[in-house]
There are 2 protein chains.
Amino acid sequence: MARKCSAAWRKTKTLLLLLLVSLSVSICVCKTSEEQMENMENTIVTEKKAEESHRQDSADLLIFILLLTLTILTIWLFKHRRFRFLHETGLAMIYGLIVGVILRYGIHVPRDVSNVTLSCQVNVSPATLLVNFSGKFYEYTLKGEISASEAKDVADNEMLRKVTFDPEVFFNILLPPIIFHAGYSLKRRHFFRNMGSILAYAFLGTVISCFVIGMLMYGCVVLMKQVSQLDGDFFFTDCLFFGAIVSATDPVTVLAIFNELQVDVDLYALLFGESVLNDAVAVVLSSIIDSGADPSTWSRLNGEAVNNSFNGYNNSIVAYQPAGDNSHTFEVMALLKSFGMFLGVFSGSFALGVATGIVTALVTKFTKLRDFQLLETALFFLMSWSTFLLAEACGFTGVVAVLFCGITQAHYTYNNLSPESQDRTKQLFELLDFLAENFIFSYMGLTLFTFQNHVFNPMFIVGAFVAVFLGRAANIYPLSFLLNLGRRNKIRSNFQHMMMFAGLRGAMTFALSIRDTATYARQMMFSTTLLIVFFTVWICGGGTTQMLSCQHIRVGVDADQDNSMSFSEGSERRSTKQESVWLFRIWYNFDHNYLKPILTHSGPPLTATLPPCCGPLAHFLTSPQAFENEGELKDDDSDLILSDRDLSLTYGDVTISTDALGGHTTAGAPGSTSEDLDRELTYGDHELVMRGTRLVLPMDDSEPTFSRPSP
Amino acid sequence: MARKCSAAWRKTKTLLLLLLVSLSVSICVCKTSEEQMENMENTIVTEKKAEESHRQDSADLLIFILLLTLTILTIWLFKHRRFRFLHETGLAMIYGLIVGVILRYGIHVPRDVSNVTLSCQVNVSPATLLVNFSGKFYEYTLKGEISASEAKDVADNEMLRKVTFDPEVFFNILLPPIIFHAGYSLKRRHFFRNMGSILAYAFLGTVISCFVIGMLMYGCVVLMKQVSQLDGDFFFTDCLFFGAIVSATDPVTVLAIFNELQVDVDLYALLFGESVLNDAVAVVLSSIIDSGADPSTWSRLNGEAVNNSFNGYNNSIVAYQPAGDNSHTFEVMALLKSFGMFLGVFSGSFALGVATGIVTALVTKFTKLRDFQLLETALFFLMSWSTFLLAEACGFTGVVAVLFCGITQAHYTYNNLSPESQDRTKQLFELLDFLAENFIFSYMGLTLFTFQNHVFNPMFIVGAFVAVFLGRAANIYPLSFLLNLGRRNKIRSNFQHMMMFAGLRGAMTFALSIRDTATYARQMMFSTTLLIVFFTVWICGGGTTQMLSCQHIRVGVDADQDNSMSFSEGSERRSTKQESVWLFRIWYNFDHNYLKPILTHSGPPLTATLPPCCGPLAHFLTSPQAFENEGELKDDDSDLILSDRDLSLTYGDVTISTDALGGHTTAGAPGSTSEDLDRELTYGDHELVMRGTRLVLPMDDSEPTFSRPSP
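Model, not experiment: these values are computed from the prediction.

A. Summary view of the overall build of chain A. Per the secondary structure count, chain A includes 32 helices and 3 strands. In chain A, which comprises 711 residues, the share counted as buried stands at 63%. Of the contacts formed within chain A by residues at least 6 apart in sequence, a portion of 80% connects residues at least 24 apart. For chain A, the accessible area works out to roughly 25800 Å², and carbon and sulfur atoms hold 64% of it.

B. Geometry of helix α16 (residues 419-450) of chain A. Taking 1.5 Å per residue as the helical rise, α16 of chain A with its 32 residues ought to reach 46 Å, and the 46 Å between its terminal C-alpha atoms agrees with that figure. Most of α16 of chain A is tucked away: 25 of the 32 residues are buried.

C. Focus on the confidence of the model for chain A. Residues and elements named next belong to chain A. In the predicted model, chain A carries a mean pLDDT of 71, and 63% of its residues have values of at least 70. Of all helices and strands in chain A, the one with the weakest mean pLDDT is helix α30 (residues 645-657) (32), whereas helix α17 (residues 458-486) scores best (91). For the stretch residues 33-44, pLDDT sits under 50, and the model shows 27 contacts to residues farther than four places along the chain or on other chains. Note on residues 631-675: pLDDT is under 50 here. Beyond four places in sequence and across chains, it has 86 contacts. The ipTM for the predicted assembly is 0.76, set against a pTM of 0.77.

D. Highlighting the pattern of salt bridges. Residue and element names in this part refer to chain A. By the definition in use, this model includes 8 salt bridges over all chains. Close ionic contact of Arg522 with Asp238 constitutes a salt bridge, the shortest N to O distance being 3.7 Å. Of the two residues, Arg522 is situated in helix α20 (residues 520-542) and Asp238 in helix α9 (residues 236-245); the sequence distance between them amounts to 284 residues.

E. Region of the structure containing helix α19 (residues 507-514) of chain A. By the criterion of burial, α19 of chain A is predominantly enclosed, with 8 of the 8 residues buried. Of the residues making up α19 of chain A, those classed as buried are Ala507, Met508, Thr509, Phe510, Ala511, Leu512, Ser513 and Ile514 of chain A.

F. Region of the structure containing the nonpolar core. Judged by nonpolar contacts, the single largest core of 311 residues is most densely connected at Phe258 of chain A together with Phe258 of chain B. Contact partners of Phe258 of chain B, with chain neighbours within four places excluded, come to Val263, Leu267, Tyr268, Leu271, Met498, Thr544 and Leu548 of chain B.

G. Summary view of the packing of α16 of chain A against α20 of chain A. Residues and elements named next belong to chain A. Running from N to C, α16 and α20 point in directions that differ by 125 degrees, and their axes come no closer than 11 Å. Overall, the two elements α16 and α20 adopt an arrangement that is oblique. You can see that α16 and α20 cross each other, and the crossing is left-handed. Judged by residue contacts, Phe441, Met444, Gly445, Thr447 and Leu448 of α16 engage Phe526, Leu530, Leu531, Val533, Phe534 and Val537 from α20. Its residues assigned to classes, the contact of α16 with α20 comprises 9 nonpolar, 2 polar and no charged.

H. Examining the packing of aromatic side chains more closely. Residue and element names in this part refer to chain A. Scanning all chains against the criterion turns up 58 aromatic pairs over all chains. On the numbers, 6.3 Å between centres and 75 degrees between planes, the contact of Tyr105 with Phe449 is edge-to-face. Highlighted residues: Tyr105 in helix α3 (residues 88-106) and Phe449 in helix α16, separated in sequence by 344 residues. Seen from their ring centres, Phe180 and Phe380 are 6.2 Å apart, and the 80 degrees between their planes marks the pair as edge-to-face. With Phe180 in helix α6 (residues 168-184) and Phe380 in helix α14 (residues 373-393), this residue pair connects regions lying 200 residues apart in the sequence. There is no split in this pair, since Phe180 and Phe380 are both buried. These aromatic residues form a ring-pair network of at least three members: Phe64, Phe170, Phe439, Tyr443, Phe451, Phe510 and Phe526. The ring of Phe171 has Arg515 sitting right over it, with the charged end atom 3.8 Å from the ring centre. It is Arg522 that lies over the ring of Phe241; its NZ or CZ is 4.0 Å from the centre.

Conventions used here
- Residues numbered from 1 in each chain as written.
- Chains lettered and ligands numbered in written order.
- Predicted model: local features only at pLDDT ≥ 70, side-chain atom pairs only at ≥ 80, totals over all residues.
- Heavy atoms only, no water.
- Helix = DSSP H or I, 4+ residues; strand = E, 2+ residues; numbered from the N terminus.
- Buried < 20%, exposed > 50% of the residue type's maximum accessible area, 1.4 Å probe, protein only.
- Contact = heavy atoms within 4.5 Å.
- Areas by Shrake-Rupley, 256 points an atom, 1.4 Å probe, with all protein chains shown as cover.
- Expected span 1.5 Å × (residues − 1).
- pLDDT = per-residue confidence, 0-100.
- Salt bridge = Lys/Arg side-chain N within 4 Å of Asp/Glu carboxyl O.
- Core = buried A, V, L, I, M, F, W, Y, C linked by side-chain atoms within 4.5 Å.
- Axes fitted to C-alpha atoms, helices over the stretch in contact; angles between N-to-C directions.
- Parallel < 35°, antiparallel > 145°, perpendicular 65-115°, else oblique.
- Left-handed = near helix turned anticlockwise from the far one by under 90°.
- Nonpolar A, V, L, I, M, F, W, Y, C, P; charged D, E, K, R; others polar.
- Phe/Tyr/Trp six-rings, centres within 6.5 Å; stacked < 30°, edge-to-face > 60°.
- Lys NZ or Arg CZ within 6 Å of the ring centre and 35° of its normal.

Laid out in structure tokens, this is it:
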């Protein structure tokens, strides 16, 4: 066996070497086609040039594909050897860095400037430009504004610019599947149980963190101005914007390890729920600060003249003092307006996401689409995608809409799908998430060397690290203290430390910071953000196991002691019953009595829960299955379906029948739901503990590390 | 039950209505955001404009998503009611047409011309243009050349132009998954058995068809000139190009019905194999004719002056007489050169596709990646995608490379994958294929009304229909006659008629014709191609069932008489044993003895098949499983794995043990392969017949209609 293993190891090494070679070959191809393009530039054959540019694009994309392939192989090796210090995202960054160094220093193609003409003194900038070159018309599309200094770079290093993607790619192509997957794989039972705390951390915490970081950075910037370390403008709104983008945490690395080590499910739910929701909060927050940061609206604190030609468009958000005034007093009205906008955008996106989720649930409920899995999966995929597009078309935030669509789909639609489609959709989004995430992280590594306008300011960087640390602390500790006043199941201090430590920054922070790198301030932010992401992913991500043992957080809890433990813990658990019930109970009743019966095949029939006047409607909406299920004790398990469909049902029933307390609920009378709820609250964990046994089967030992959701 | 059904029907109708409403709402959104953009255009806020343009794009894309959703729901209804006259692709076209009509006539947004400036008299057309608008630099990227007449249209109807995608999207995003899926789901056993015939139809047949159609169209064009029906230039090369693009058949509709009705597997294999390969041939052919069609190289037969500034680039393909000469004599050298180029591009793409397939097979064989299904699937997906990019970067044809990569992946890599990944990859590409195909077809419908430069010339259209018919006939009948001389298992005349009838045109023809619509000739071709696709998909596709019964082609053969039939047919089948063996036997031996053992875990160990001098290498390459399998009779079934993994193995063994002829092959000696081959040839069908029984289980009755491969 050992011999076999080492042989496999040797073969793998050979393969990795081969892949490295092929990567360098592809970089050469990329270079050659670059050169070919060079030689051709003198001819005027536009079509051919477009073709060459396409070849170049293919070669560039190929580099990333090979990078990802390399990452996959290496990460397999790490997993194979149970090497836990480096997560795949961290590895993707390292490979990205290496290729970035090669592209930057290894290949130098000085470009002739001939292909860039600087002319045409017109005073509008149309989206489509028709240019008449010696009698022929060529169509050009606007890519964006660039600063005069960049204009030189365009000529200087076309090559590096070529491997640079349009930042909007991240927002419109790569982030949506990641965020949807996060929503789709949210562990709903624990999410809803800890809903109050999660919402507090995500909303209040992110806002606190944003402002704390913003204030600290503003102090830092002012200090830098004093010692003349600042070479450009840096306004207060820039600081706030920075606060918003670095407040989006992404503990994917940590959660992967949590999953592997079977860490406490509540801690998992808190961290995951918070990170999913605070992404949404940070996106909306930053977009509002950003749109408010236009010259005419928020005063530039340095007191410069403001170009008022922009005034016509942004007058909806007037925030701070007019220009020329150096004060930064808060105007209550302005703050309220911003807050109103935040609520508007957020709730609009939320409503859209939930709405398309509900439509999908209705469609899958009332058509018998489940007979045709391909159609079902395709419909699911298209509806989820249309959420994003619809939100963007309406001016809301697509990413946020997609998140809530994912949660709705998981909660309702998923139950209507055929088992095959359940697998298919899960696997599809898991794959998309994996690819997108690793692409973003390897691009991050690459961009450290290939991005043209880095501004590394040591003072700012140190300031940012301190601010990020303090901002996270100001989020976690005070809120935990407040939450513990209301919670019976306290968030213990070692949990708090762990949450503090797990405040990694990832894909969302990167995507937000690369979106706009036009000004000096934004460039400095971008460079600093990159470093923060690198540090947190490598250091905090790599140190998770150490931190867990250092904080004495039990690992493998659910796996080792299933029944025995759950019963010994039973009394403690039961005492947590009332925790956050005020929110949960209302939600649970409404969901169980109305939403589930309307949107899925489970739950009590609507004819029983709705007032008699709605009789015909109730009959129309209730599915035949609901009447059939009426006598059965089935509904409370449907929550668990996402993780393991069949087992949860069985175990659920076992748990209840062996239980001293929970009398079988009697046939669908509305009143019975409170007992359901009790059971839900009391035995949620019990079931999970039992299901924990499943996770240590040889198969699962290796597999679920990848999927954030799992146990 | 009937009441339930009609209730479901009513609900579905309500849902469809709802969806139609949402579609129209989204079109309105699309319109509104258009108008909003209008209002804003007067301000100079470029960023905001880019944002609005993004919103517009989202709305446009949303229309397509909703169209696809509608198609899915309707097609479910059709399938549910077993309505076979309209395939999903045909339906997608109809919906596309409807939305096209609405966009064209329902919404009229006259555009102000202010956003398009026609200026800048420079004499180069760079790929990137920096424009200095009153001190600010804006970056523009080249989209392509447009004719002066189009330049007006750009101003006229921005709206319709907006829903028009960049034609390259079809080639670089939508076609690759379709083609890969075709390769990946090729029924390899029957494909290889009929390899000779398929290659003849695909290569020889497509070339014949291309030239016959080209000649006929040229005659037609000359005639049109005589009666002054032609308003622009139409050269011989244009005719040939037209011949090439309409020679790519795509009988997806027909094959779906074949699948459902259990039509003869050989007919299925012939049609499917031909259509898959002739796509590749047509792509390469058309690209060579197209690049040869540049002014300086192929003479414009109408004798015009030739713009020789293009000369520098295309001198590799000099084909016909120089300009000014009205003759169209073939120059043998030119033809040979074109042929050489065809071979070069084709074999280059082929080699690349096979190479990446082999690399994937090796990687999946030698790493234990199968323990981590997500990594495995991701690797498979990335490697397959990189084939496309690599081919495009090297100047070969990505689509062709992807096709052969798919075939290689199915033949080797698939066997190395874990069962979960086998399912995942199959389902993933099935979904991508489904979405891409329906997207293309609904876009086709849309484009009939939204495309700005249609040239419908009745004479040309009639001529094209006749030419397409005759071209197909000139492909099928003579070749079948010639092939029947060599084949024992004759291609009967009703099979020939069916193949003739099944010459539908689809996605590939459309993608090729929309790629370039700059000249009058190309516009006329595009319009005509659209009509040909519509006609063939609706009429030929819809009439498949009638045609089958009219030609007395037995349906449901495999389903009804399983064992009995196969034995009665045994003698006939056995006589077909030698058919195309000269090609098949060489291939089979090589594949079985060397390729399979190297690339997969199956087959005899290499130490047995390779000469002793290669001992260490052979030992290194042979997987431990191969040694373990040595004594077992396993290999010949691995061919069947794609369709049903477990069953084929069992049935395969049963077949052999109950057989009077096939003695068990004795343990892995190289000589035994000829017996394997005999079995393969003789009992391939037998096994398929037995497996046919599986296909009529209630489940499969509905399901496999979607996947082209299946039984």
